[in-house]
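Observations on the model geometry
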Amino acid sequence: MQAGSETLGVRLAGGRHVLTHEVACTDPEGPDRIAAAFGGVPLALVVLFVSPRADFAGIARRAHALFPASRTVACTTAGELGRAGYAEDRIVAIGFPAADFAAEPVLIPALGTLDRPALMADMVRRRVRLSAGHPEWHGEFALLLVDGLSLMEDKVAAACADALGPVPLFGGSAGDGTRFLQTAVALDGQVQAGAAVLTYLRTRCRVKVFSTNHLTPTEQRVVVTRADPSRRIVHEINAEPAAREYARLLGKDPEQLDTFTFAAHPVAVRFGGQHHVRAIQQVTPDDALVFFSAIEEGVVLSLAVPEPMAGHLDRELSALSRDGAPDTILACDCILRRMEAQEKQQTRAVSDVLRRHGVVGFSTYGEQMGGMHVNQTMTGVAIYPPDPARR
C-alpha cells in the first residue's frame, strides 16, 4: 500500500453496479473522501459500517449532508470487512446507484415497544410503492441493522420477516468492538440506540440472499435447567453452574473460559428441522453464561465442532458464482468467526478468501436470516449484473 493511502481511502472490490470505498475511521475528512470517490453518481442508498472508534454521530450527520438526494443508513461495528478482508478502525461505504436500485429504509425506534401491526402496514405500503415505481425490476431483498445490545433482535427479526412476506431478509447486529458497551444505528443522520433500521431494496440486478456457517453439531448434548430468558442468561446446565459444567464438558479450567473458547466451542439448538448456533458472549461472576441470542429453560443444546473456516468459506462463496460471478457480496459476519480465525491463526487465510470474492460488510454481534436471529454465521446478499434480457 502506498504511503498516504490510509488517508486518501481505498477503493474496494465493488463492480459496475455497486460502489464501494473505505477510509480510516479517524480521518476527519473521511465522509468527504467517500463522496468524492463515488464521483457524483446518483445513489438510491448509501450504507456505512463505522468502527466504534469513530465519531459515529458526526459521520452519520456528515454523510447525510453529503448525499442529500440519497437515503443514508449506518451502524457501528465489531470490525469491518474491507479491501483486504478483515479490517479494523475503518469506515466501509457501499453506494447503490439509482440506475440499478430503489430503496425504502425505515427507522424502528424503541424496540421494547415494537408495534408489529404498524410495521407490517408500513412495509406493505413501501413494497407497493417501489413495485409500482419499478415494475420491470424483479430483484428484491431487505437489510436489517439492529442495535446489538438491545436484546431484541429475535423479536425484531421475526416482526420484520412477517412484515416483508416473501422478500428475502438478512442482517446484522451493530457492534462495539469487543467492549459490548455502546452500539447504535442511524438513518439519514438520525442516530439512535435501542433501535433498528430496516431497508427494503428493489433492483434490476439479480440477487441471492445466503447464510452459511462451518459448524457441525455433535451427539454431545446438554439441557438448560435454569435460565433468565429476558437477559439471555443461563444459570445452570444439567443442574450444575452453567460455566463450570460447560468447562467440564470441554475438559477445560472454568477459570480460563474466554471469548476465544466460546468462539472455538459453540453450542447449537435444533429448531425447524435445522440446527442454529447459540453463541456464548461471556461468563458472569456467579458462573452463569450470557448468550448472544434467545435462550430458554428446557432447551437442549448440542456441542458443535468447526471445520477449517477458510476452506469452508471459499467453497460457499465459490458456489455463489456457479451461474456467473457476483458484482459485489455484502455480508454480515459474526464477531465470533473473526475471533476463531484469530485464535486458530486463520485470519490471513480467511481475509484472502473475503478479498478474492469481493466481500464487503462488517463483523456483528449476531446475524439475522429471515425471521431468525442467529450467531457464528455469515449472512449476506450476492448482487449480480442484470440479466441481459431484462436490461
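These lines cover the structure that appears in this document, whether it is placed above or below. (Residues numbered from 1 in each chain as written. Predicted model: local features only at pLDDT ≥ 70, side-chain atom pairs only at ≥ 80, totals over all residues. Heavy atoms only, no water.)

Right, let's get into the packing of aromatic side chains. Here the distance between the centres and the angle between the planes together describe a pair of aromatic rings. Following the criterion strictly, the structure yields eight aromatic pairs and no others. Centre to centre, the rings of F49 and F362 are 4.6 Å apart; their planes meet at 15 degrees, and the pair counts as stacked. Linking F49 in strand 3 (residues 43-50) with F362 in strand 24 (residues 359-364), this pair joins segments that are 313 residues apart in sequence. The same class applies to F49 as to F362, namely buried. (Phe/Tyr/Trp six-rings, centres within 6.5 Å; stacked < 30°, edge-to-face > 60°. Helix = DSSP H or I, 4+ residues; strand = E, 2+ residues; numbered from the N terminus. Buried < 20%, exposed > 50% of the residue type's maximum accessible area, 1.4 Å probe, protein only.)

Attention shifts here to the side chain of Q281. As for its position among the elements, Q281 is in strand 20 (residues 280-283). The class for Q281 is buried, based on a relative accessible area of 13%. A polar atom in the side chain of Q281 sits 2.6 Å from the side chain of Q282. When sequence neighbours within four positions are dropped, the list of residues in contact with Q281 reads F180, T259, F262, V290, F291 and F292. (Polar contact = N/O pair within 3.5 Å; in protein donor to acceptor, adjacent residues only side chain to side chain. Contact = heavy atoms within 4.5 Å.)

Two elements in contact, helix 2 (residues 30-37) and helix 3 (residues 56-66), have axes whose closest approach is 9 Å; the angle formed by their N-to-C orientations is 30 degrees. As summarised for this structure, helix 2 and helix 3 are arranged roughly parallel, according to the angle between their axes. In the packing of helix 2 onto helix 3, the handedness of the crossing is right-handed. Here P31, D32 and A35 of helix 2 come into contact with helix 3, specifically with I59, R62, A63 and L66. Partitioned by chemical class, the residues of the contact of helix 2 with helix 3 number five nonpolar, no polar and two charged. (Axes fitted to C-alpha atoms, helices over the stretch in contact; angles between N-to-C directions. Parallel < 35°, antiparallel > 145°, perpendicular 65-115°, else oblique. Left-handed = near helix turned anticlockwise from the far one by under 90°. Nonpolar A, V, L, I, M, F, W, Y, C, P; charged D, E, K, R; others polar.)

Moving on to the pattern of salt bridges. Evaluated as defined, the whole model comprises 28 salt bridges. A salt bridge links R202 to E140, with the shortest nitrogen-to-oxygen separation between them at 3.5 Å. Of this pair, R202 sits in strand 13 (residues 196-203) while E140 sits in strand 9 (residues 139-147), and the two are 62 residues apart along the sequence. With relative accessibility at 10%, the residue R202 sits in the buried group. The salt bridge partner of R221 is E219, with a shortest N-O separation of 3.2 Å. Among the ionic contacts, a cluster of salt bridges with common partners joins E104, D122, R125, R126 and R129. (Salt bridge = Lys/Arg side-chain N within 4 Å of Asp/Glu carboxyl O.)

Here we come to the sheet that holds strand 10 (residues 169-174). Strand order in the open sheet formed by six strands is 8-13-9-10-25-26, and the pairing between neighbours is mixed. A single partner strand is all that each edge strand has here, and the edge strands are strand 8 (101-108) and strand 26 (372-374). Each adjacent strand pair in this sheet contributes to an overall mean axis angle of 20 degrees, direction not counted. As defined by bridge partners, strand 9 adjoins strand 13 across eight bridges and the pair is classed as antiparallel. Bridging across to strand 13, G139 finds its partner in T203. Taken strand by strand, helix 4 (residues 116-133) contacts strand 8, strand 9 and strand 13, and its axis lies near 165 degrees from that of strand 8. Helix 5 (residues 153-164) contacts strand 8, strand 9, strand 10, strand 13, strand 25 (367-369) and strand 26 of the sheet and is inclined by roughly 155 degrees relative to strand 9. (Pairing = 2+ DSSP bridges.)

The subject of this paragraph is unusual backbone geometry. Even without glycine at this site, L151 takes up a positive phi of about 60 degrees. Residue position: L151 is located in the loop between strand 9 and helix 5. Among the residues examined, L151 registers a relative accessible area of 38% and is labelled partly exposed. Positive phi is not limited to glycine here, since D188 has a value of about 50 degrees.

A word on helix 9 (residues 335-343). Across the nine residues of helix 9, seven count as buried, placing the element largely inside the fold. Among the residues making up helix 9, those that are buried are I335, L336, R337, R338, M339, E340 and A341. Within two residues after helix 9, Q345 carries a phi angle of roughly 55 degrees, on the positive side.

Inspection of the secondary structure assignment puts R338 in helix 9. In this structure R338 touches A78, G79, E80, L81, Y86, A87, E88 and S363, once residues within four positions along its chain are discounted.

On the basis of which strands lie adjacent, the open sheet formed by six strands has the order 6-5-24-23-27-14 and mixed pairing. Looking at the sheet topology across the chains shown, the edges are occupied by strand 6 (85-87) and strand 14 (206-212). In this sheet, neighbouring strand axes are inclined to one another by 20 degrees on average, regardless of whether the strands run parallel or antiparallel. Helix-sheet contacts for helix 8 (residues 309-319) involve strand 6, strand 14, strand 23 (328-334), strand 24 and strand 27 (378-384), and the interaxial angle to strand 14 is about 155 degrees.

So, about the pairing of strand 27. Most of strand 27 is tucked away, with seven of its seven residues classed as buried. The side-chain alternation of strand 27 yields two buried faces, one formed by M378, G380, A382 and Y384 and the other by T379, V381 and I383. Looking at chain direction, strand 14 and strand 27 are connected through seven bridges and run antiparallel. Bridging across to strand 27, F210 finds its partner in G380. Relative to strand 27, strand 23 runs antiparallel, the two being bridged by six bridges.

That is the geometry; function is a separate question.
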